[in-house]
Each structure stands twice: as structure tokens, then as C-alpha cells.
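Chain and residue survey
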Amino acid sequence: MAFKNRENFGRIGAVLAAAGSAVGLGNIWRFPIETGRNGGAAFVLVYIVCVIVLGLPVMISEFMIGRSTQSNTAAAYRKLSPGTQWKWVGRLGVLTGFLIFSYYSVVAGWTVEYAGYALTNVFARESDYKQMFSDFASNPFWPVLWLFVFMFITHVIIVRGVKSGIEKVSKILMPTLFLLIMMLVFCAITLPGSGPGIDFIVRPDFSKINGMVVLSAMGQAFFSLSIGMGCLCTYASYFRPDTNLTRSAVNVASIDTMIAIMSGFIIFPAAASAGYMLTADDVGPSLIFITLPHVFQQAFSGAPILAYVFSVMFYLLLILAALTSTISMHEVITAYLKEEFEMSRKKAARIVTCSCAFLGIFCALSFGVLSGFKLMDMTIFDWFDFVSSTILLPFGGMLISIFTGWYLNKRLMYDELTNYGTVRVRYFKVLVFILRFVAPVAIGFIFFNELGFFDVFS
Ligand code: PHE
């Protein structure tokens, strides 16, 4: 079944590339927001349970599907279930990738502008960060330009291919990202007055756990682990036959969770030191663009040079994290076009970049020129985010667990997990049980909740 000349990730490259996909704006931007909204440490605990019980099994499923078929996500399902409608799960993933790449790159572009502000020390001179953000986001030129720049950089890496593009870049960016985040955590937790912020994420208040907290944690786990759209399935198609799928999944999920928690250890202590308790009211999508610049200036008000260094490192961290994620979204679609329509990687990548850049323009402008263009009170950007992350990702995840739990041949699954008898697997029955019963029901719950069916929880 394997493509003869299919490129392969090395052992470490496989984990770093998949971790690169997982670690992104979801960890550094969305996780602290969700933690703040949902009561701190208690949310973190529930989140960890969701990653282990739901995230890992679905991730392992995507790995099995991708590696066993050695193909793009659409072809993978077709090969595993010829003549059935399951092929739509793969195609849905490609469509989701298309939408996510288009709007995610807008926010990724903003991080470039903000890294520029940090570098030129604009934060020290400004005082109205809210106005600054809205002036920038509503500008018809700069956000679009940065969107293009971000997509172009992603494009250049994708064109270089799996080994010398994706793998090489992941091997450089991921350790850099790790180093940056460790330095930032160190600075943040040693700030005077950071104590209450640390307490907020380490001292769980179990009375805060309710249905809504659990559902938000599940939703966040899916987005953050990049599962539900064939991203990890596509990457796994480049894994070698001797890559240990379970171990890789455990590594990726651990790295992702660790980085998310570390982001919490940057943001909450820094905020506490600046006199903020970031709880429900002050956290929202604008957290890293409006609240944090202020927090950094305040927290380091005694040492402006540290405020400068901290801000530069933080926005650089965001750029790196976003880039390794956009690469993985791009690759899902590029691999699909390249293999299904038999075109060169270059041509496939060009089509993806141009069409997503086109869609991205509308998302970027929906904060300014097109902001009046609303449907059901949501802008174009909101719709892209809602349809892809809130509807399609959980829906895809649910279908994947049903596919592997109920349809996929168990012998094939066992062979994939044990690398044809060379690795011991003791948890097989538990995995199948979760994929059959637990995951579809739980994910179905997130899904219908996000569509507003369970308002009783809120
Ligand atoms: N996991 C990425 C993040 O945390 C987002 C993502 C979602 C990437 C889906 C690829 C696919 O930012």
C-alpha cells in the first residue's frame, strides 16, 4: 500500500513535528483564557483528565490510520473502508484544515505586528492598549500584509518537503520554543507579588467544577492536541514502520499539556504581580494583545529593560508556536491535493496558499472594513472560528473514534500498535472500549453543548 518514494520523519522528528502541530496559539493564548474563565487549578485538573481519557485515544487512532495507509487523510479512509461513505471523514478534515488555516493565520499575523511593537519598545510609550489594538486590527492594510507574510513563510517551509522542510524546521523551532518558555516562566514566577497567580493555577477549588467546566476542558483538549481534522493522521503517514505509536502519542500529549500549563505559569503570576487577578471578567480573546502588554509593563515597572526583553521573548514565542501549527494545517491540504490530483508539491502548495490567503483577507478585514458584515451577530472571522473549531473539530473527532472503535479491523489496529509484534501493548481492550463508548458519547456532548443544547450547565 505504501507509496514507494514517500518521505519519512526520523524518530525524534516525528514527535517534534507532531508536537509542533499541537503546540500553538491554543496553548499560549486559548488555554490561559479558558483557565481564567473556568476557575483556575480545578479546570487544569479536569483538562489533564480529558487529555488522557479522550485526547490520547483519538490521537492514537489518527496515528494508526495515517501510518497504516501512508496517505493523505482523504485517501487513508478510502483505503481502509473501500466503497463506504467513511471517505467523507477524511475529506471533512481537509475542509476543516482549509478553514482553520485561513483564520488562524490572521491571529498569527497579529503576533508578528506585536513582536514588532515589542522590539521597537512601543509598549513602553503607549498607554491605551485597547485603542492601539483596535486601531491595528481594523486597519485595512497591515493585518492583511502580516497574514500574507505568515502564509508565505509557511508556504516556503511546506514546499521544501517533509524532511528538509517540516522536520528540519520543527527540530529547530521546538527546542527554541521550549527554551523561551522556560525563561519566561522563570521570570514570571520570581516577580514580587506573583504568589496569588501561582496559587490560582496550583490550588484547585473543587467547588468550581461543574458541567460547563468539563465541557470547556474537552473542547480545549481537542483544539490544543490538533485532533479531529486529520492533521496528525497526515503526519503519521510520514512515520516510519518502527515508530512506536503509543509512545509518540504520549510524548506529544505530554509536551502539549506541559507547554499549556507553563503558559499559565507565565500569564497568571505576571498578572498577579501587576496587581491583576485574571479571572472571568478580564480574560477574553484580547488577553494577549491588550491585557498582557499592560501586565508586562506594570510587572517590570522597576526595570524597564526586563519589560522589554520579556515582551520580545513572549511575542517571539507566539510566532514560533503559531508557525509550527500553520505548517501542519497547510500540509494536510497540500498532501491531499498532491496525491489525489497527482500534482507536484510545489503546485499543490501554491494552490493552498493562494486560496487560503484569499479567504484570509475576508477574515482579517472583518475586524475593520467588513466589521458590519454580520450574520446572526457574528463576523466572517467569528464564523470561520465557529464552524471549524466549534463544529467541525469535535464532529471529526467523534467520527474518528466511531470509525476506529466500531468499523476498523481490530487485527489491523493491533498490528499497527504493536508494530507487527515488536512492541508490547497491554491496554488494547481499554483503548477499544474508550473508542467505542466513552469517546463518542463524551465528544457528542461537547458538540451539542457548543451548539447551545445544554444551556442548563451555564
Ligand atoms: N493545536 C493547535 C494549537 O494549539 C491548533 C490546531 C488545530 C492545529 C487543529 C492543527 C489542527 O494552536
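Residues numbered from 1 in each chain as written. Predicted model: local features only at pLDDT ≥ 70, side-chain atom pairs only at ≥ 80, totals over all residues. Heavy atoms only, no water.

In this section: the nonpolar core. Here is a general trend for soluble globular proteins: nonpolar side chains tend to be buried in one another's company. Formed by 168 residues in total, the largest nonpolar core has its most connected members in Phe 9, Met 59, Phe 63, Tyr 114, Phe 314 and Tyr 315. Look past the residues within four positions of Tyr 315 in its chain and what remains in contact with it is Thr 111, Tyr 114, Ala 115, Ala 118, Phe 123, Ile 288, Phe 289, Leu 292 and Pro 293. (Core = buried A, V, L, I, M, F, W, Y, C linked by side-chain atoms within 4.5 Å. Buried < 20%, exposed > 50% of the residue type's maximum accessible area, 1.4 Å probe, protein only. Contact = heavy atoms within 4.5 Å.)

As enumerated under the stated definition, the model contains 12 salt bridges in all. Between Glu 34 and Arg 37 there is a salt bridge; the shortest N-O distance is 3.7 Å. You can see Glu 34 and its partner Arg 37 sitting in helix H2 (residues 25-37), three residues apart, about one turn around the helix. Its relative accessible area of 10% is what places Glu 34 among the buried residues. Between Asp 205 and Lys 208 there is a salt bridge, with the nearest N and O atoms lying 3.6 Å from each other. The class of Asp 205 is partly exposed, set by a relative accessible area of 31%. Shared partners join several salt bridges into a network, and the residues in it are Arg 11, Arg 240 and Asp 242. (Salt bridge = Lys/Arg side-chain N within 4 Å of Asp/Glu carboxyl O. Helix = DSSP H or I, 4+ residues; strand = E, 2+ residues; numbered from the N terminus.)

We now examine the confidence of the model for the protein. Model confidence for the protein is summarised by a mean pLDDT of 90, while 96% of its residues fall at 70 or above. Taken element by element, the predicted model of the protein shows its lowest mean pLDDT in helix H14 (residues 287-299) (83) and its highest in helix H8 (residues 142-159) (97). (pLDDT = per-residue confidence, 0-100.)

So, on to helix H15 (residues 304-340). Counted at 1.5 Å a residue, the expected span for H15 with its 37 residues is 54 Å, and the 54 Å between its end C-alpha atoms agrees. Judged by how many residues are buried, H15 sits mostly within the fold: 28 of 37 residues are covered. Looking at the residues trailing H15, positive phi occurs at Glu 342, about 45 degrees. (Expected span 1.5 Å × (residues − 1).)

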